[in-house]
Amino acid sequence: MTNSWLITLWLILLLSSSSYGSDLLVSGHPSYPPVSQAEGDLITGVAAKVTKAIADKLSIPYKLVSSGPWKRVHWAAQKGKIDIIAGVYLNEHRKAYLDYAEWFMTDPVVIFVKKGNTFPYRQWKDLIGKKGSTNLGESFGESFDLFIQKYLYMEWEHESIANFRKLAHDRIDYFLYGLYPATAQLKVYGYEDDFEILSPPVVEEKFYFAFSKRSKFRYLKPKMNAVIVELRESGIIQRWVDEFFRH
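Description of the layout of surface pockets
- The calculated volume of the largest pocket comes to roughly 470 Å³.
- Asn 91, His 93, Gly 137, Glu 138 and Ser 139 are the residues nearest the centre of the largest pocket, which is lined by 19 residues in total.
- Those elements that place two or more of their residues in the lining of the largest pocket are α3 (70-79) and α4 (142-151).
- Each residue belonging to the lining of the largest pocket can be placed in one class, and the counts come to seven nonpolar, seven polar and five charged.

Structure representation (structure tokens):
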């Protein structure tokens, strides 16, 4: 075997293993409208619109893919099966495998109660002794996640509708979740008049784009950040959120 043939073989292997010519794979939460939701094998929602705007601006070939349940989306990012999670909270645990880019929208996390079953709430400690529930795999920011672990009784369900049904049948005192996706799901199921929201929000977190630390596309982050900031500050992203609820 000649040296020239070995060099040729090495170049073929190198090119086949590189990301040259491949698509940026972007995934997101399968059931968190209007931010992100799965429709068949695709991810749609505001995060998908931001992804398209970024890809168009930077001329990047990309694919929006559904990676399954939320925990599996994170597993896919850890293993480098996807390049980006579009729409994810920032916390220290996730920073071990995610390289965070800019945030693109905020997400008020609120307390839903059955109509007529409100209770005094002004701060986190008012939830101590109450029976709460939320969706499996969710994070609500570093500080409140720790508060839950230390002080709160919390159950976990795969879907929001399961939590609303538990709330309707007095099996829990409150359901903790994002205002936007929960409101959207109440409209879908026709339960808008059955529940109330306590004020103020528990937290108001930011949704980020985040690269898998195994992604070959991380070099795009500075240019991607510039596009996200432009979209956010121009009001375009908020307009997409508002349009979702109007429709």
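What to know about the packing of aromatic side chains
- All told, the structure shown has 17 aromatic pairs when counted by the stated rule.
- Taking the centre distance of 5.4 Å and the plane angle of 85 degrees together, the rings of Phe 112 and Phe 164 count as edge-to-face. In this pair, Phe 112 is assigned in strand β7 (residues 98-114) and Phe 164 in helix α5 (residues 160-168), connecting sequence segments 52 residues apart. The exposure classification of Phe 112 matches that of Phe 164, with both residues buried.
- Here the aromatic residues Tyr 32, Tyr 89, Phe 104, Phe 112, Phe 164, Phe 175, Tyr 177, Phe 195, Phe 207 and Phe 209 are joined through ring pairs into a cluster of three or more.
- Against the face of Phe 119 rests Lys 130, its NZ or CZ located 4.7 Å from the ring centre.
- Looking at Lys 206, its charged tip hangs above the ring of Trp 103, at a distance of 5.2 Å from the centre.

Here's the deal with the pairing of strand β11 (residues 195-212)
- Looking at chain direction, strand β6 (residues 84-88) and β11 are connected through four bridges and run antiparallel. Bridge pairing in β11 links Ile 85 to Ala 210.
- For β7 and β11, the ladder comprises 13 bridges, and the chain directions are antiparallel. Its bridge partner being in β11, Phe 112 is matched across the sheet by Ile 197.

Examining the confidence of the model for the protein
- Of the residues in the protein, 91% reach a pLDDT of 70 or more, and the chain-wide mean stands at 89.
- Predicted confidence is poor over residues 5-21, with pLDDT under 50, and the contacts of this stretch with residues over four places away or in other chains come to five contacts.

Calculation criteria
- Residues numbered from 1 in each chain as written.
- Predicted model: local features only at pLDDT ≥ 70, side-chain atom pairs only at ≥ 80, totals over all residues.
- Heavy atoms only, no water.
- 1 Å grid on protein atoms, 1.4 Å probe; cavity = no way out; pocket = protein on both sides within 12 Å on 5 of 7 lines; lining within 4 Å.
- Points joined across faces, edges and corners; volume = space filled by probe spheres on them.
- Helix = DSSP H or I, 4+ residues; strand = E, 2+ residues; numbered from the N terminus.
- Nonpolar A, V, L, I, M, F, W, Y, C, P; charged D, E, K, R; others polar.
- Phe/Tyr/Trp six-rings, centres within 6.5 Å; stacked < 30°, edge-to-face > 60°.
- Buried < 20%, exposed > 50% of the residue type's maximum accessible area, 1.4 Å probe, protein only.
- Lys NZ or Arg CZ within 6 Å of the ring centre and 35° of its normal.
- Pairing = 2+ DSSP bridges.
- pLDDT = per-residue confidence, 0-100.
- Contact = heavy atoms within 4.5 Å.

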